[in-house]
Amino acid sequence: MDVTPLSLGIEVEDGVMHVMLPRNTTIPTKIQKVYRSREDNQTSVRFSVYEGERTRISDNNLLGTFNLHGIPPAPCGVAKFPTYFDISADGILTVFAENKESGSKNTITIKNNIGRLSSSEIKRLVREAEKYKLDDEKHRKKVELRNTFETYAFKMRSMVYLSGGTLSLDDQEKVENAVYKATQWLSNNEVGKTDEINGRMKALQNVWDPIISKLYQQGDTDSSPSSSTDAPKFQKILRSLGFF
């Protein structure tokens with residue numbers, strides 16, 4: 001039974017290898033994950049494919065890169081990029097990504113005898129991964145927490161962009177101010193401390209949760225034409241952005 005000798009994954013502009021196929025995955029196999037834009041008005045995105053067992057991309061082996069272009073400008077987190085890893089029984093890896101809204105798509109094929117590590121190099125990486133396991137896990141959790149905070153903030157802003165007047169002007173201003181403070185902090189802090197990120201995440205939720213609760217209550221109890229139309233629309237937007 002053939003398996004992947006090292007984990008395979010991608011980096012999407014955050015310095016971390018996101019594992020798509022863990023080490024010792026039986027091949028052939030195929031997997032899909034969906035990534036989202038990480039910047040406002042992002043019209044292109046770079047995908048870097050790695051093999052290795054470490055958290056930081058600098059500690060893994062780069063196999064290749066490719067780009068998607070022509071993505072329609074939109075707020076951060078709105079554009080989606082379904083990404084596929086397909087590895088054959090011969091160990092040939094094909095990575096494919098697309099943006100369905102624009103029709104943009106691209107792919108890269110990585111053969112198992114070009115740019116891949118030797119058996120001794122694979123063993124070295126596995127040993128290093130075990131040696132630095134705790135440090136890597138600590139860094140991964142901090143980056144994941146920061147990414148969660150960043151994604152939450154940009155989803156809030158995307159909701160305002162997509163709501164089309166569903167929110168009151170007062171609530172809209174509250175969201176925009178809270179998101180502005182969050183994005184300013186993110187711009188000035190590469191990773192940040194766990195406690196500080198948690199505190200800033202809580203501050204966003206304190207703004208966001210009452211607004212969600214109020215609109216849901218309006219949808220359940222208010223029989224006016226405006227609320228009966230707006231609340232379901234708002235709920236649909238929330239679901240589309242992955243809040244629920």
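Reference entry: report on the structure contained in this document. Predicted, not measured: the structure shown is a model, and the values here were computed from it.

### Observations concerning the sheet that holds strand 2 (residues 18-21)
Working step 1: Strand order in the open sheet made by the four strands is 2-1-4-5, with antiparallel pairing throughout. Looking at the sheet topology across the chains shown, the edges are occupied by strand 2 and strand 5 (61-69). Adjacent strand axes in the sheet meet at a mean angle of 30° when their direction is disregarded.
Working step 2: Direction of pairing for strand 1 (residues 8-11) relative to strand 4 (residues 44-51): antiparallel, over a ladder of four bridges. When the bridges of strand 4 are listed, Gly 9 appears paired with Tyr 50.

### Some words on the side chain of Asn 60
Working step 1: Along the polypeptide, Asn 60 turns up in the loop between strand 4 and strand 5.
Working step 2: Here the side chain of Asn 60 touches Glu 53 through a polar contact of 3.1 Å, landing on its backbone nitrogen.
Working step 3: One polar contact links the side chain of Asn 60 to the main-chain carbonyl oxygen of Arg 56, over a distance of 3.1 Å.
Working step 4: Sequence-distant contacts of Asn 60, defined by excluding residues within four places in its chain, comprise Met 17, Tyr 50, Glu 51, Gly 52, Glu 53 and Arg 54.

The rules behind each value
Residues numbered from 1 in each chain as written. Predicted model: local features only at pLDDT ≥ 70, side-chain atom pairs only at ≥ 80, totals over all residues. Heavy atoms only, no water. Pairing = 2+ DSSP bridges. Helix = DSSP H or I, 4+ residues; strand = E, 2+ residues; numbered from the N terminus. Axes fitted to C-alpha atoms, helices over the stretch in contact; angles between N-to-C directions. Polar contact = N/O pair within 3.5 Å; in protein donor to acceptor, adjacent residues only side chain to side chain. Contact = heavy atoms within 4.5 Å.

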